[in-house]
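The residues making up each chain are set out below.
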Amino acid sequence: MVRRIETEVLVVGGGPVGVTLGMDLAWRGVRVTVAELRRRGEPPSVKCNHVSARSMEIFRRLGVAGKLREAGLPADFPNDVVFRTTATGMELARISIPCRADRYTATGGPDTWWPTPEPPHRINQTYLEPILFEHAAAMPGLVALNRTRVLDFSQSDRGVVATAENLDSNERMEIACAYLVGCDGGRSEIRRGIGATLHGDAVVQRVQSTVIRAPELLRMMSDKPAWANFSLNPRRTGSMYAIDGRETWLVHNYLKPAETDFESVDRDAGIRLILGVGSGFEYAVIGTEDWIGRRLVADRFRDRRAFICGDAAHIWVPTAGYGMNAGIADATDLAWQLAGALRGWATPTILDAYEAERLPITEQVSRFAMDHAIALGAQRGAVPDDIEVPGPTGDAARERVGKAAYDLNVNQYCCGGLNFGYFYDTSPIIAYDGEAAPSYTMHEFTPSTVPGCRTPHLWLGDGRSLYDALGPGFTLLRRDPSVEVDVLVAAAEQRGVPLTVLDLDAEDARALYPWKLVLARPDQHVAWRGDTPPGDPLALVDLIRGAAPRPGTDDSGVG
């Protein structure tokens, strides 16, 4: 007999994006099943090395940020990004990033001023994934099915039925759910199942990646170590990331434009040129992966009750780690909307907002990443021949190349704009008021309460982060306690929408919160703002729960 499993949401794929979605749903009381091909505890490939501040904020809410912060590189290992002629050669420039022991207290660096309770964390995916998975597996309401492949699915007005098999026992399963989400990577079967296709740029760069064990490498570096090491010389350019801070490294060999065949490029020779070592230097290859950096975005993220997140929806060159981190943002945007639809306080129409919000942002961020990758490629191709020459001529070349490398890459590795600046400006569940959101770059941003923006962070008078004080649903932030909000609270209660009221200290909040009332969504984006409750509070509540048209007419009542 075919085993039947019933759940509310089936998540296909148990990588960081799928597990985050599962955790967020379970945290909101939704029964969720995560189907993953790998065995429990089986390590992933060495890929992403950076968890963004925005992702760490999400993990803080889900109760796992502390565990992640304690893992990865040694606590005192510099998280710097350094540029050298080779990994063991002359230093050209250094982007100073605090080690994790100093991450909460450091000042003066290019990313230490950010308004967040959770700065970024440099940790390789091999450490990240097991922590996330074990945290998720312990959550009530979440079931993990390892060694499970989802073969196909069908959907109706009432739900989705997926067919799956256990890869070890060949047992067949039928998984019935209300919604299905594909977090199954760049070769996503769920993407194909919903009829979505990828569009964009098929080749941005080609990279040979090799994980090596080299116990002697650290002591051969002329200056203090760094998390990321860029080698810039006329022979071979590449980057190298510290995995354990002792002996394990991930080496990226960026192929030249004419090198279109991976097999024709000598892997060992490339590694030695990037490291700056001779034929006698010993290292062991732990794993290899050749890959093509692309900029591809799906033309749709949903078909009725089936959705896609992460690499299933978008693939691009891994600038700033924003492949995984953008997928985590997908997951947290979709999770609260699914929970609202399942618990009944939102209508199913709220789910239209997921694609309306995430697809435009994904397209925009993918172009940030591609443009930056092209600029990096141009820089790598223009390394002067005299960069390693002793004396004034070489000194001038090194200073020039180092400054250019710093100026270009500080935007990538300290990318405040990508963390905090993006906004949703075409959402059907946000009450816009006519003011445009501030523009942002990869590096720069302006905190704002314009609807669609990230709710500006501040530290409360009692020392808590604002984000720690927000409710799990909507939170009405009130800068002036004299403003009566009972009608808005009553409207939310009437519709069953979870809403809490949080009073802010007027003086501390005034600069960031010029309006007296700001309504923060469950994902910390601004849904509405005003100096008094709207004339028709039910109209606003219906809008944010997906039960009303967007504002724009005189009788909308939510302006």
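Every value quoted in this text rests on a predicted model; they were computed, and no experiment measured them.

### What to know about unusual backbone geometry
- For Asn-170, which is not a glycine, the phi torsion comes out positive at approximately 65°.
- Among the structural elements, Asn-170 can be located in the loop between strand E10 (160-166) and strand E11 (172-177).
- Positive phi outside glycine occurs at Gln-524, with the angle close to 70°.
- By the secondary structure assignment, Gln-524 is in the loop between strand E23 (517-520) and strand E24 (526-530).

### A closer look at helix H15 (residues 537-544)
- Counting buried positions over the 8 residues of H15 gives 7, a clear majority of the element.
- Summarising the contacts, the buried residues of H15 are in contact with strand E21 (474-478), helix H13 (486-495), E23 and E24.
- Following H15 by one or two positions, Gly-546 adopts a phi angle in the positive range, close to 80°.

### Considering the packing of helix H2 (residues 53-61) against helix H8 (residues 322-343)
- Running from amino to carboxyl end, H2 crosses H8 at an angle of 45°, the nearest separation of the two axes being 9 Å. As summarised for this structure, H2 and H8 are arranged oblique, according to the angle between their axes. The interaxial crossing formed by H2 with H8 has left-handed handedness. Contact residues: Ser-55, Ile-58, Phe-59 and Arg-61 in H2; Asn-325, Ile-328 and Thr-332 in H8.
- Partitioning the contact of H2 with H8 into residue classes produces 3 nonpolar, 3 polar and 1 charged.

### Re the pattern of salt bridges
- All told, the structure shown has 50 salt bridges when counted by the stated rule.
- Across the pair Arg-300 and Asp-303 runs a salt bridge whose closest N-O atoms are separated by 3.7 Å.
- By relative accessible area, Arg-300 is classed as partly exposed at 29%.
- A salt bridge links Arg-495 to Asp-542; the nearest nitrogen and oxygen atoms lie 2.7 Å apart. Note that Arg-495 is positioned in helix H13 and Asp-542 in helix H15, a separation of 47 residues in sequence.
- A residue is classified by how much of its surface remains accessible, and Arg-495, at 27% relative accessible area, is partly exposed.
- Among the ionic contacts, a cluster of salt bridges with common partners joins Asp-80, Arg-84, Glu-91, Arg-94 and Lys-224.

### Considerations on the side chain of Ser-209
- With respect to the element layout, Ser-209 can be found in strand E13 (residues 198-213).
- Each residue touching Ser-209, except ones within four places of it in the same chain, is listed here: Leu-250, Val-251, His-252, Arg-267, Gly-287, Thr-288, Glu-289, Asp-290 and Trp-291.

### As for the pairing of E23
- Burial of the side chains of E23 extends over both faces: Leu-517 and Leu-519 are buried on one face and Val-518 and Ala-520 on the other.
- Sheet analysis places E21 next to E23, joined by 4 bridges and oriented antiparallel. Directly across from Arg-478, in E23, lies its bridge partner Leu-517.
- Relative to E24, E23 is paired through 4 bridges, and the arrangement is antiparallel. Across the sheet, the residue bridging to Leu-517 is Gly-530, located in E24.

### So, the sheet that holds strand E19 (residues 306-308)
- The mixed open sheet is built from 6 strands, whose spatial order is E8-E3-E2-E12-E19-E18. A strand with exactly one partner marks an edge of an open sheet, and here the two such strands are strand E8 (142-146) and strand E18 (302-303).
- Taken together, the 5 bridges between strand E3 (residues 32-36) and E8 define a ladder with parallel strand orientation. Bridged to Val-32 within E8 is Leu-142.
- On top of the sheet, helix H1 (residues 16-27) reaches strand E2 (9-12), E3, E8 and strand E12 (179-182); it is set at about 165° to E3, its chief contact.

Rules used throughout
- Residues numbered from 1 in each chain as written.
- Predicted model: local features only at pLDDT ≥ 70, side-chain atom pairs only at ≥ 80, totals over all residues.
- Heavy atoms only, no water.
- Helix = DSSP H or I, 4+ residues; strand = E, 2+ residues; numbered from the N terminus.
- Buried < 20%, exposed > 50% of the residue type's maximum accessible area, 1.4 Å probe, protein only.
- Contact = heavy atoms within 4.5 Å.
- Axes fitted to C-alpha atoms, helices over the stretch in contact; angles between N-to-C directions.
- Parallel < 35°, antiparallel > 145°, perpendicular 65-115°, else oblique.
- Left-handed = near helix turned anticlockwise from the far one by under 90°.
- Nonpolar A, V, L, I, M, F, W, Y, C, P; charged D, E, K, R; others polar.
- Salt bridge = Lys/Arg side-chain N within 4 Å of Asp/Glu carboxyl O.
- Pairing = 2+ DSSP bridges.

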